[in-house]
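# Structural characterization, general
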Amino acid sequence: MARILVVDDEPDIRTLLRIALERVEEFEVVVVASGADALTELAARTFDVVLLDVMMPGMDGLETLERLRALPGGDAVAVAFLTARAQIADAEAYRAAGVADVLTKPFDPKALVERVHELVGAGR
Amino acid sequence: MTPARRSVDAVSAPFTDQELLARITDVHALYLDRPREEFFEFLLTLIVEITNSEYGFIGEVLHDPDGTRYLKTYAITNLAWNDETRAFYESQRELGLEFRNLETLFGRCLATGEVVIANDAPHDPRAGGVPSGHPPLNAFLGVPLRHGDSFIGMFGVANRPEGYDDALLARLEPLTSAVGAVVRAHRAERERMEAAGSNARLALIVEASSDFIGIVDASANVVYVNPAGLAMVGRSSLDGLLGASIASFHPAWAAERVAGEGIPHALEHGSWIGDSALIRPDGTEILVSQLVIVHRDVNGAVEFLSTVARDVTAAREFEAMKDELIATVSHELRTPLAAITGALALIEDTGDLPDEGEELIGIAASNARRLQHLVDAILDVERLRSGVADLEVVLLDAAEVAASVVRELEPIASADDVDLVLDATSAIVRADEMRLVQIISNLVVNAVEFSPGGGTVRVAVRPEATEVVVAISDEGIGIDPALHAEIFEPFRQADQSSTRRVGGSGLGLAIVRLAVAQHGGVIELDSTPGEGSVFTVRLPRADAG
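Residues numbered from 1 in each chain as written. Chains lettered and ligands numbered in written order. Predicted model: local features only at pLDDT ≥ 70, side-chain atom pairs only at ≥ 80, totals over all residues.

## So, the overall build of chain A
Condition: Secondary structure elements are defined from DSSP: runs of H or I of at least 4 residues count as helices, runs of E of at least 2 residues count as strands, and each element is numbered from the N terminus. With C-beta atoms placed from the backbone, the exposure class of a residue follows from how many other C-beta atoms lie within 10 Å of its own: 20 or more, buried; 12 or fewer, exposed; in between, partly exposed. Distance between backbone-placed C-beta atoms decides contact: two residues are in contact if it is within 7 Å.
From N to C terminus, chain A includes 5 helices and 5 strands. Going from the N terminus to the C terminus, chain A shows its helices and strands as β-α-β-α-β-α-β-α-β-α. Counting all 124 residues of chain A, 39% fall into the buried class. Contacts spanning at least 24 positions in sequence make up 60% of the contacts within chain A whose residues lie at least 6 apart.

Okay, here's the thing in structure tokens:
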């Protein structure tokens with residue numbers, strides 16, 4: 001069983017990601033709406049993969065990442081950014097910030113699941 | 001003034017030399033001090049009387065736009081025979097009557113420029129008859145008035161009881177010359193007044209224009225600025241600016257552009273148009289679109305330069321607002337579109353839909369994707385235009401990139417029955433791979449879309465001395481040369497009706513141009529409507545020298 005945390009301020013996107021990922025039996029999916037909620041979850045239990053929206057009001061993805069890394073064991077978790085396709089040119093900058101992958105929205109469910117599988121494998 | 005009129009039958013004897021001389025003196029004296037209208041009426045009376053005629057006319061020969069001559073009367077004997085014709089003569093008295101019917105005795109004179117003598121007018125084959133009620137026309141003399149080679153006017157007289165002959169004509173010659181001279185003088189005077197009037201009107205337009213209009217002499221020193229221009233630069237008059245250089249009106253950068261680029265270009269090509277700015281004494285800059293025109297004399301020497309500058313601040317603000325609006329709307333569309341395409345993909349993925357449901361979901365999904373592409377393209381243009389898009393520059397072989405694009409697009413081309421031909425020689429450029437792929441791919445997709453079935457699209461890559469050339473040619477409908485510049489603007493396609501057929505976003509070429517420019521390259525278009533187009537991208541060669 002792999003535990004996945006989805007962080008996105010858009011309720012519909014959260015739901016879609018949850019449905020897509022829950023179709024995989026070995027994934028346990030937790031969704032939250034903000035960076036702050038994500039940090040609370042991460043402090044409470046361990047996750048294998050965090051899918052983190054970059055553009056969020058308040059604490060954005062980059063800041064959430066920084067704080068996440070500062071948590072005990074925060075170094076071990078595989079984090080992927082979620083970003084709009086038009087921002088794909090920033091992917092290199094994001095990778096430099098220390099994420100394992102950059103996933104674009106809109107997403108193809110199959111491709112998404114495949115990438116998350118890879119992240120789970122990489123984390124272990 | 002009504003000149004004394006002799007009754008027709010009072011004088012039947014030919015005039016004497018003294019009488020003729022006296023008349024000519026009258027003509028000259030009266031021309032100088034009588035209002036024109038009265039003068040020509042008097043002159044006509046004089047000609048009618050001295051020739052012992054019954055009625056007549058004097059007029060100027062003018063030309064219709066197609067070159068056909070017509071006669072405009074300066075004076076015509078009022079022959080009104082009823083209320084209607086009386087009103088007609090009265091209303092036309094000041095403006096003159098215009099006669100265009102050439103199938104008449106006077107028309108014969110008008111058409112040929114030759115003297116017409118007809119002493120049996122009612123039976124003359126050249127006659128056109130007279131309107132019913134018009135006094136009878138028995139005899140007619142039409143005399144052309146010449147100045148040098150040009151036929152400037154004529155007079156006609158009618159119904160001399162003895163008829164007209166060459167001897168009379170010869171006797172009249174000094175008078176005819178005098179009449180010709182005054183018609184010519186009158187015409188010149190009228191033309192002068194018309195020219196002065198049109199100059200005055202042009203000056204009024206310049207004075208009332210809301211654009212900055214200025215004139216500088218051949219040394220680029222200010223001679224004139226219209227009121228709107230003065231207001232734009234925050235001044236109430238030209239005091240202290242007459243003879244100043246144009247630098248007094250422009251911020252340094254704009255003065256440099258106008259003097260260094262605008263004026264030299266205008267000297268070579270006649271005019272220049274470009275972005276510039278004016279400056280107020282307090283340092284405020286006003287962005288303008290400026291036109292510079294060089295005016296030369298007949299020998300080609302520069303006489304003066306004029307400039308028209310239009311305040312484009314509002315237009316620029318509007319433009320920026322429009323771009324921002326498009327970008328904002330597109331940003332706002334992204335998330336809902338991602339949700340729609342994501343949800344549709346999840347439904348498709350379940351795989352247990354009835355056939356019809358699957359088809360409908362397929363339609364929704366493909367249209368959502370289309371919208372998605374459009375939004376992505378708009379945001380891409382925005383990023384490239386604002387210079388936000390960073391390039392991740394690496395050394396690339398354009399030939400390899402082109403080959404991969406051709407492989408990728410092969411299925412699309414063959415679905416359209418278009419042959420994709422690659423002719424690539426290794427050529428190294430410093431480029432962002434994603435952008436280079438986008439440049440070549442957009443051009444190839446564009447070429448395929450505008451190709452007829454069975455057509456060929458060629459993708460050529462070759463290194464030149466300092467450049468790498470990527471040329472994409474098609475055998476399509478071609479592009480009107482007039483549209484070559486605007487086709488690279490967002491949302492422009494040469495043939496608007498093709499938008500639907502091709503289904504493009506209208507942004508492909510805009511993205512190409514912006515991306516090429518960002519790489520320090522240029523794009524050229526060679527096209528002949530009906531034969532095809534060649535888009536040539538020139539990028540700096542990385543291994544040059």
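## Brief notes about the overall build of chain B
Scanning chain B from terminus to terminus reveals 13 helices and 18 strands. Look at the contacts in chain B between residues 6 or more apart in sequence, and 60% of them connect residues 24 or more apart.

## Topic: the nonpolar core
Rules: Each nonpolar core comprises buried Ala, Val, Leu, Ile, Met, Phe, Trp, Tyr and Cys residues, the members being joined through C-beta atoms within 7 Å. In this document the domain limits rely on a domain assignment from an automatic tool or a database.
Grouped together as the largest cluster of nonpolar side chains are 88 residues, with contacts concentrated most on Ile4(A), Val49(A), Val50(A), Leu51(A), Ala398(B) and Val444(B). The residue makeup of this core includes at least three contributed by each of domain 3 (316-386) and domain 4 (393-540) of chain B. Excluding residues that lie within four positions of it along the chain, Val444(B) makes contacts with Val405(B), Leu409(B), Val457(B), Val459(B) and Ile472(B). By size, the runner-up hydrophobic cluster in this structure holds 37 residues, among which are Leu71(B), Leu110(B), Tyr164(B) and Leu172(B).

## A word on the interface of chain B and chain A
Operational definition: In this classification, Asp, Glu, Lys and Arg are treated as charged, Ala, Val, Leu, Ile, Met, Phe, Trp, Tyr, Cys and Pro as nonpolar, and every other residue, Gly included, as polar.
Contacts between the two partners involve 18 residues from chain B, matched on the other side by 17 residues from chain A. At the level of elements, helix H8 (313-350) and helix H9 (355-386) of chain B are the ones that each hand at least two residues to the side of chain B that touches chain A. Ranked by the residues each element gives to the side of chain B that touches chain A, the list is headed by H8(B), at 11 residues. For the side of chain B that touches chain A, the per-class residue count stands at 8 nonpolar, 4 polar and 6 charged.

## A look at the packing of H9(B) against helix H13 (residues 508-518) of chain B
Residues and elements named next belong to chain B. We count it as follows: Working convention: axes come from line fits to C-alpha atoms, limited for helices to the stretch in contact. Angles between N-to-C directions cover 0 to 180 degrees. Here the angle decides the label: under 35 degrees means roughly parallel, over 145 means roughly antiparallel, 65 to 115 means roughly perpendicular, and every other value means oblique. For any helix crossing, the convention is left-handed if the near helix is rotated counterclockwise from the far helix by under a right angle, and right-handed if that rotation is clockwise.
Between H9 and H13, the least distance of the axes is 10 Å, while the angle of their chain directions is 30 degrees. For the element pair H9 / H13, the angle class is roughly parallel. Note that H9 runs across H13; the crossing there is left-handed. Of H13, the residues touching H9 (which contributes Ala377, Asp380, Val381, Leu384 and Arg385) are Ala510, Ile511, Leu514, Ala515 and Gln518. Residue composition of the contact of H9 with H13, grouped by class: 7 nonpolar, 1 polar and 2 charged.

## As for the confidence of the model for chain B
Residue and element names in this part refer to chain B. Short version of the rule: By definition, pLDDT measures how confident the predictor is in each residue, and it falls between 0 and 100.
The pLDDT averaged across chain B works out to 86; a share of 94% of its residues lies at or above 70. Of the regions scoring below 50 in pLDDT, residues 495-503 engages in 4 contacts with residues more than four places distant in sequence or in other chains. Interface scoring of the predicted complex returns ipTM 0.80; its pTM is 0.54.

## Quick word on the environment of Arg310(B)
All names here are of chain B. Mapped onto the elements of the fold, arginine 310 is located in strand S11 (residues 302-311). Taking the C-alpha atoms as reference, arginine 310 lies 8.7 Å from leucine 291; in sequence the two are 19 residues apart. Apart from residues no more than four positions distant in its own chain, arginine 310 is found in contact with Asp211, Val288 and Ser289.

## Concerning helix H10 (residues 398-415) of chain B
Helical geometry: 3.6 residues make up each α-helical turn, so side chains three or four residues apart lie on a common side. Residues and elements named next belong to chain B. Defined as follows: Here a helix's expected span is defined as the number of its residues, less one, multiplied by 1.5 Å. A residue's bend is the angle separating two fitted axes: one through the seven residues that end there, the other through the seven that start there.
In a regular helix each residue adds 1.5 Å, so 18 residues correspond to 26 Å; H10 covers 26 Å between its end C-alpha atoms and thus fits that length. A bend of about 50 degrees at leucine 409 is the largest found in H10, and the proline proline 411 appears one to four places after it. Here H10 has its buried residues at Ala398, Ala399, Val401, Ala402, Val405, Leu409 and Ala413. Elements in contact with the buried residues of H10: strand S12 (393-397), strand S13 (419-424), strand S14 (428-432), helix H11 (433-449), strand S15 (456-463) and strand S16 (467-473). Backbone geometry just downstream of H10 places aspartate 417 in the positive-phi region, at approximately 60 degrees.

## Brief notes about the sheet that holds S13(B)
Residue and element names in this part refer to chain B. Here is the rule: Strands qualify as paired when DSSP identifies two bridges or more between them.
Taken together, 5 strands build an open sheet; the order of strands is S13-S15-S16-S18-S17 and the sheet is mixed. Each edge of the open sheet is held by one strand with a lone partner, namely S13 and strand S17 (522-528). Averaged over all pairs of adjacent strands, the angle between their axes in this sheet comes to 10 degrees, without regard to strand direction. Most of the contacts of H10 go to S13, to which it runs at about 175 degrees, and overall it touches S13, S15 and S16.

## Some details on unusual backbone geometry
Residue and element names in this part refer to chain B. Despite not being glycine, asparagine 159 shows a phi value in the positive range, around 70 degrees. Even without a glycine there, the phi angle at alanine 220 is positive, about 65 degrees. When you line up the elements, alanine 220 lands in the loop between strand S7 (212-217) and strand S8 (222-225).

## Overview of the pairing of strand S1 (residues 55-63) of chain B
All names here are of chain B. Two elements, S1 and strand S6 (residues 150-158), share 6 bridges in a ladder whose sense is antiparallel. In the strand pairing of S6, glycine 59 is matched with methionine 154. Pairing geometry for S1 and strand S2 (residues 69-76), over 7 bridges, is antiparallel. The residue of S2 that forms the bridge with valine 61 is leucine 71. Counted along the chain from S1 to the antiparallel partner S2, the turn is 5 residues long, and its residue glycine 67 has a positive phi close to 95 degrees.

## Quick look at the environment of Leu62(B)
Residue and element names in this part refer to chain B. Positionally, leucine 62 belongs in strand S1. Assessed through the 15 C-beta atoms surrounding it within 10 Å, leucine 62 is described here as partly exposed. With 89 residues separating them in the primary sequence, leucine 62 and phenylalanine 151 have C-alpha atoms 9.3 Å apart.

## So, helix H2 (residues 35-44) of chain A
All names here are of chain A. To keep things clear, this is the line we draw: Directions drawn from the helix axis to the C-beta atoms are what define this arc.
Listing the buried residues of H2 in full gives Gly35, Ala38 and Leu42. On an axial view of H2, the arc spanned by its buried residues comes to 55 degrees, and they lie on one face. In H2, those exposed residues whose orientation departs by more than 90 degrees from the buried face are Thr40, Ala43 and Ala44.

## Some details on the packing of helix H1 (residues 17-33) of chain B against helix H5 (residues 166-208) of chain B
Residues and elements named next belong to chain B. Look at H1 against H5: their axes get within 9 Å of each other, and the N-to-C directions meet at 5 degrees. In terms of axis orientation, H1 runs roughly parallel to H5. Facing Leu20, Arg23, Ile24, Val27, His28 and Tyr31 of H1, the residues of H5 in contact are Pro174, Leu175, Ala178, Val179 and Val182. Classifying every residue of the contact of H1 with H5 gives 9 nonpolar, 1 polar and 1 charged.

## Here we look at the sheet that holds strand S9 (residues 271-279) of chain B
All names here are of chain B. Pairing is antiparallel across the open sheet formed by 5 strands, whose spatial order is S8-S7-S11-S10-S9. Two strands close off the open sheet at either side, each with one partner strand: S8 and S9. Going from strand to strand, the sheet's axes swing by 25 degrees on average, the running direction of each strand aside.

## Considerations on the pairing of S2(B)
Both S2(B) and strand S3 (residues 98-99) of chain B contribute to a ladder of 2 bridges, which runs antiparallel. Within S3(B), the position partnered with Leu71(B) by the bridge is Phe99(B).

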